[in-house]
Protein chains: 2
Amino acid sequence: MSGTVGEQLLTPGEVAALFRVDPKTVTRWATAGRIGSIRTPGGHRRFRESEVKALLAELTTEAEPATE
Amino acid sequence: MSGTVGEQLLTPGEVAALFRVDPKTVTRWATAGRIGSIRTPGGHRRFRESEVKALLAELTTEAEPATE
DNA sequence: GGGAACTCGGGTAATTAGGGTG
DNA sequence: TGTGTCCTAATTACCCGAGTTC
């Protein structure tokens, strides 16, 4: 088998668990274009693990005395 | 005769891994006519790599670079 | 010839999508 | 503005046993 495993995809429920939010909220992020999404022929969404983790790391940048 | 010979065929499990769905779901897509399928003499399904990748790219939506 | 892994088929439970509301 | 919860409809995931593929 060859090999490009490609990219790991996550379900809305998986992403929601990572962010501690409802799957509905994750869906809204995709609708708002704030996160890339892959739709199945049936209409369900899948999210890229790399993008989710990157976005998650970005939000982890809190607790920083940002000089606004 | 046949035209393109270098067409790679993918198994339901391969396609399922690309979409992060169950192999059974891929079978339903073929049954619903959402994706072309080739049946082996034994009744198993095979999918065209080009068709699958094209469908994957078609349903892929990237998040726009939010200009902060 | 024999074995392991995968797929097929149908049926049922869980998840997701979409809109409207607080 | 953003998020959580309500509803209904559609899609997807896991269960079984049997057949097919390599």
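Only a predicted model underlies this, so the values are computations on that prediction, with no experimental measurement involved.

J.: A description of the interface of chain A and chain B should follow, citing residues and the corresponding values.
T.: Contacts between chain A and chain B engage 16 residues on the former and 15 residues on the latter. Between chain A and chain B, roughly 1200 Å² of surface is buried when both sides are summed, and carbon and sulfur atoms account for 59% of that area. Put simply, chain A and chain B have zero salt bridges between them. In this assembly, chain A and chain B are joined by three residue pairs in polar contact (both at pLDDT 80 or more). For the side of chain A that touches chain B, the elements supplying multiple residues, two or more each, are β2 (37-39) and β3 (45-48) of chain A. The element that contributes the greatest number of residues to the side of chain A that touches chain B is β2 of chain A, accounting for three residues.

J.: Give a description of the sheet that holds strand β1 (residues 9-10) of chain B that names residues and reports values.
T.: All names here are of chain B. Read from one edge of the open sheet, three strands run β1-β3-β2, paired in antiparallel fashion. One side of each edge strand has no neighbouring strand; the edge strands of this open sheet are β1 and β2 (38-39). Across two bridges, the pairing between β1 and strand β3 (residues 45-48) is antiparallel. Residue pairing for β3: Leu-10 is matched across the bridge by Phe-47.

J.: Account for the protein's contact with DNA strand D, naming residues and giving values.
T.: Around DNA strand D, the structure places 20 residues, and the nearest of them are Thr-25 of chain A together with Asp-22, Thr-25, Arg-28 and Gly-42 of chain B. Across the atoms of DNA strand D situated within 4 Å of the protein, the share located in sugar and phosphate is 73%. Asp-22 of chain A is positioned with one of its side-chain polar atoms (N or O) 3.1 Å from a phosphate oxygen of DNA strand D. With respect to DNA strand D, the side chain of Thr-40 of chain B contributes an N or O atom lying 3.4 Å from a phosphate oxygen. Of all elements in the fold, only α2 (23-31) of chain A together with α2 (23-31) of chain B reach the threshold of two or more residues within the surface near DNA strand D.

J.: I'd like a rundown of the relation of the copies chain A and chain B, residues and numbers included.
T.: Aligned on chain B, chain A shows an RMSD of 0.3 Å; the corresponding rotation is 61° and the shift along the axis is 21 Å. Interface overlap between copies is the fraction of interface residues in one copy that are interface residues in the other; for chain A against chain B it is only 6%, indicating separate surfaces.

J.: Please give an account of the nonpolar core that cites residues and values.
T.: In terms of nonpolar packing, the biggest core is built from 15 residues, with Val-15, Phe-19, Val-26, Ile-35, Phe-47 and Val-52 of chain B touching the most fellow members. Those elements giving two or more residues to this core turn out to be α1 (12-19), α2 and α3 (49-58) of chain B. In contact with Val-52 of chain B, other than residues within four places in its own chain, are Leu-10, Val-15, Leu-18, Phe-19, Ile-35 and Phe-47 of chain B. Residues Phe-19, Val-26, Trp-29 and Val-52 of chain A belong to the second largest nonpolar core, which totals 10 residues.

The rules behind these values
Residues numbered from 1 in each chain as written. Chains lettered and ligands numbered in written order. Predicted model: local features only at pLDDT ≥ 70, side-chain atom pairs only at ≥ 80, totals over all residues. Heavy atoms only, no water. Contact = heavy atoms within 4.5 Å. Buried area = accessible area lost by both parts, 1.4 Å probe. Salt bridge = Lys/Arg side-chain N within 4 Å of Asp/Glu carboxyl O. Polar contact = N/O pair within 3.5 Å; in protein donor to acceptor, adjacent residues only side chain to side chain. Helix = DSSP H or I, 4+ residues; strand = E, 2+ residues; numbered from the N terminus. Pairing = 2+ DSSP bridges. Near = heavy atom within 4 Å. Least-squares fit on C-alpha atoms with pLDDT ≥ 70 in both. Core = buried A, V, L, I, M, F, W, Y, C linked by side-chain atoms within 4.5 Å. Buried < 20%, exposed > 50% of the residue type's maximum accessible area, 1.4 Å probe, protein only.

In short, geometric facts, not functional conclusions.
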